[in-house]
Amino acid sequence: MENKYNFKRFRRLRYNPIVRDMVRETVLAKNDLIYPLFAVPGKNVKNPVKSMPGVFQLSVDKLVEECKEVRDLGIPAVILFGIPEHKDEKGSEAYAADGIIQRAIRAIKKEINDLLIITDICLCEYTSHGHCGLLDGEEILNDETLALLAKEAVSHVEAGADMVAPSDMMDGRVFAIRKALDYKGFSKTPIMSYAAKYASGYYGPFRDAAESTPAFGDRKSHQMDIGNINEALREVEADIEEGADIVMVKPAGPYLDVIREVKKKFSMPTAAYQVSGEFAMIKAAGQNDWIDEERVMIESLISIKRAGADMILTYFAKDVAKWIDKSNA
Ligand SMILES: [Zn+2]
């Protein structure tokens, strides 16, 4: 039939699945994935996190087993969060040589040499008050906290961490950490900064997992206001100037525009954190058969990558790796 109006036939490339595969612009790969893990004291501990089906708090022995599975699935990296034996006002176990994360890193490194270990740098999991820094009354002190964050980063790297990821959102932390690492001879260790981290309601389930709910108040004096994107770009720019090698946007799904702008403006290796609430919503709806969990999981991650993320921190990492294997079988 004559094409009278000379309209475009986009469907030509959609009839044949082989052609569809050939013209697909965004594909998920295992190299995109970073898997978050939670270390707790004890032995043989595997506590399910209620609001995050399939996610567990693991004692160091179990964590090593989990890391082997992650490595065997072809996932290149994990990011570790620690829940210490004791919490105090200064978060001492965050930078103790025998702290939970330091022990976990050494145990993993002893058994596995082909998995990248990234560690989260913040104090909130380690402080008795659950805040990300030192307090003066109810105020979170900025400059006084920097020295402790730097100490925490150095002690993780001394234990064997391959990369550190400051999540605290104190001003100047990347500068302080870079300076401390260089001074200790770790100039080759990269920093992945949580550069644009929003004060988000999507972190709820994580706080169950990391036991880091603040005793009073909230995190709005350091994490970003949810309505701001220009400020996000200024935050990212500052972190790059201070020495960040990879910049992160967190959360991911609700902030795709921020990921896009960060990637476009700075052309930096860009990470995005698909946070616990994003994960929990998809899981819950999937378990109720309200959505096709696998399809929505993949769609959520493709969207994050399409927006500009080079790597994605996600609790779905193992499921995605299995899905990639299944798709290639
Ligand atoms: Zn924190």
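Note: the structure precedes this text.
Residues numbered from 1 in each chain as written. Predicted model: local features only at pLDDT ≥ 70, side-chain atom pairs only at ≥ 80, totals over all residues. Heavy atoms only, no water.

## Considering the coordination of the zinc ion
Here the zinc ion is held by the protein donor atoms Cys122 (SG), Cys124 (SG) and Cys132 (SG), which lie 2.3 to 2.4 Å from it. Binding-site remark: the zinc ion is held by donors from one chain whose sequence spacing is C-x1-C-x7-C. You'll find Cys124 and Cys132 in the same group, each marked buried. (Donors = N, O, S within 2.8 Å, 3.2 Å for Na, K, Ca; no water. Buried < 20%, exposed > 50% of the residue type's maximum accessible area, 1.4 Å probe, protein only.)

## Details of the nonpolar core
Phe38, Val78, Leu80, Met192 and Tyr273 are the most contacted members of the largest nonpolar core, which totals 113 residues. Counting residues per element, this core draws most heavily on helix α4 (residues 143-159), which supplies 8 residues. Residue contacts for Tyr273: discarding those within four places in its chain leaves Pro36, Phe81, Tyr194, Phe206, Met248, Val249, Lys250, Pro251, Ala252, Glu278, Leu313 and Tyr315. (Core = buried A, V, L, I, M, F, W, Y, C linked by side-chain atoms within 4.5 Å. Helix = DSSP H or I, 4+ residues; strand = E, 2+ residues; numbered from the N terminus. Contact = heavy atoms within 4.5 Å.)

## Quick word on the pattern of salt bridges
Counted under the stated rule, the structure contains 20 salt bridges. For Asp32, the salt bridge goes to Lys305, with nearest N and O atoms at 2.9 Å. You can see Asp32 sitting in the loop between α1 (17-23) and β1 (33-40) and its partner Lys305 sitting in helix α10 (residues 293-307), a full 273 residues away along the chain. Across the pair Asp245 and Arg178 runs a salt bridge whose closest N-O atoms are separated by 3.9 Å. You can see Asp245 sitting in the loop between α7 (230-242) and β10 (246-250) and its partner Arg178 sitting in helix α5 (residues 173-183), a full 67 residues away along the chain. On the basis of relative accessible area, Arg178 is assigned to the buried category, the value being 12%. Through salt bridges that share partners, Glu66, Glu69 and Lys318 make up one connected network. (Salt bridge = Lys/Arg side-chain N within 4 Å of Asp/Glu carboxyl O.)

## Quick notes on the side chain of Arg178
One polar contact links the side chain of Arg178 to the main-chain carbonyl oxygen of Thr189, over a distance of 2.8 Å. Excluding residues that lie within four positions of it along the chain, Arg178 makes contacts with Phe186, Ser187, Thr189, Pro190, Ile191, Glu242, Gly243 and Asp245. (Polar contact = N/O pair within 3.5 Å; in protein donor to acceptor, adjacent residues only side chain to side chain.)

## Description of helix α11 (residues 317-328)
The terminal C-alpha atoms of α11 lie 17 Å apart, and with 12 residues this matches the ideal 16 Å at 1.5 Å per residue to within 8%. Where α11 is concerned, the buried positions are Ala317, Lys318, Val320, Ala321 and Ile324. One face of α11 carries all of its buried residues, which in axial projection span an arc of 165°. Among the structural elements, β1, α2 (60-72), α10 and β12 (311-314) are those in contact with the buried residues of α11. (Expected span 1.5 Å × (residues − 1). Arc of directions from axis to C-beta.)

## Some thoughts on the side chain of Glu66
On the secondary structure map, Glu66 appears in helix α2. According to the relative accessible area criterion, Glu66 is buried, its value standing at 10%.

## Things to note about the packing of aromatic side chains
As enumerated under the stated definition, the model contains 9 aromatic pairs in all. Ring geometry for Phe38 versus Phe81: centroids 5.5 Å apart, planes at 25°, classification stacked. In this pair, Phe38 is assigned in strand β1 and Phe81 in strand β4 (residues 77-82), connecting sequence segments 43 residues apart. Judged by its relative accessible area of 0%, Phe38 is buried. For Phe81, a relative accessible area of 2% puts it in the buried group. Each ring, one from Tyr198 and one from Tyr255, has its centre 4.2 Å from the other, and the planes form 20°; the classification is stacked. Of the two residues, Tyr198 is situated in the loop between β9 (192-197) and α6 (204-210) and Tyr255 in the loop between β10 and α8 (256-266); the sequence distance between them amounts to 57 residues. (Phe/Tyr/Trp six-rings, centres within 6.5 Å; stacked < 30°, edge-to-face > 60°.)

## Describing the pairing of strand β5 (residues 116-121)
Counted residue by residue, β5 has 5 buried out of 6 residues, so it is predominantly covered. Pairing analysis gives 4 bridges linking β4 to β5, with the strands arranged parallel. Considered in β5, the bridge of Leu80 is made with Thr119. (Pairing = 2+ DSSP bridges.)

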